[in-house]
Amino acid sequence: MNSIPGYTHGTPVVSRSPVSLGDFEQMKASVLFGEEDVKYLRMSHDIVKGRVEAILDVWYGFVGSQPHLLASFSGKTDGKPLGDYLTPVRKRFGQWILDTASARYDQAWLDYQHEIGLRHHRVKKNKTDGAPSTDLVPFRNLFALIFPVTFTLRPFLAEQGHSAEDVEKMYAAWVKSCLLQVTLWAHPYVKDGDF
């Protein structure tokens, strides 16, 4: 069992995704995601696994520098950042990096993507950590973060001397994977029947 608080991937507490594996295959086709992308995500795993904290430092630094983004991790009443909330979220975010680079797109992974979406939406926001934070991560912020997350990851992918072509393919695979994941996370935000 994983020791990260609130990390419930592959456990019975995670409900089944309303998005089928067949639907997900169509989504992958829409973003031109294929076996080569899986290969390059897995290649990136050896790079990111030793750099998780440094990557998170960059990402947290960016979010922390943007008051409208930091608001989702701040107290609902006083607007001050909640360290007791940011810490376990950071641990799960680090595991998300490793899960993304592992590229294991099975039913358990698909179910957990739905869980992540619910935890950003008012349905389950704050429930995992009992945080007195805002009720919702606005979807406009969630979707827009795809660029800074992937763009700032790119220099890390180049650190171990891979060819420029390999770095570009790893980067492209990360962009596609993040697009797929955030699209899955959007499910609770979309009106019934419109996903």
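Reading the values: the criteria
Residues numbered from 1 in each chain as written. Predicted model: local features only at pLDDT ≥ 70, side-chain atom pairs only at ≥ 80, totals over all residues. Heavy atoms only, no water. Helix = DSSP H or I, 4+ residues; strand = E, 2+ residues; numbered from the N terminus. Buried < 20%, exposed > 50% of the residue type's maximum accessible area, 1.4 Å probe, protein only. Contact = heavy atoms within 4.5 Å. Areas by Shrake-Rupley, 256 points an atom, 1.4 Å probe, with all protein chains shown as cover. Salt bridge = Lys/Arg side-chain N within 4 Å of Asp/Glu carboxyl O.

Going by the annotation in an unreviewed UniProt entry, the name recorded for the chain is Protogloblin ApPgb, with Corallococcus macrosporus given as the source organism.

So, on to the overall build of the chain. The secondary structure content of the chain amounts to nine helices and zero strands. Secondary structure elements of the chain, listed N to C terminal, follow the sequence α-α-α-α-α-α-α-α-α. Each of the three principal axes of the chain carries a C-alpha extent, and together these read 50 × 35 × 35 Å. Residues classed as buried in the chain amount to 47% of the 195 residues present. For the chain, the share of sequence-separated contacts (at least 6 apart) that also reach a separation of at least 24 residues comes to 78%. When the accessible surface of the chain is totalled, it reaches about 10,000 Å², and 57% of it is carbon and sulfur.

Attention now moves to the pattern of salt bridges. Under the criterion given, the structure shown has 13 salt bridges. With a shortest N-O distance of 3.0 Å, lysine 28 and glutamate 25 are connected by a salt bridge. Within this pair, lysine 28 and its partner glutamate 25 are both found in helix α1 (residues 21–30), separated by three residues, close to a single helical turn. By relative accessible area, which is 11% here, lysine 28 ends up buried. Aspartate 57 is the salt-bridge partner of arginine 90, the closest N and O atoms lying 2.6 Å from each other. Taken together, the residues arginine 90 in helix α5 (residues 83–102) and aspartate 57 in helix α3 (residues 52–64) connect sequence positions 33 residues apart. Note on arginine 90: relative accessible area 18%, which makes it buried.

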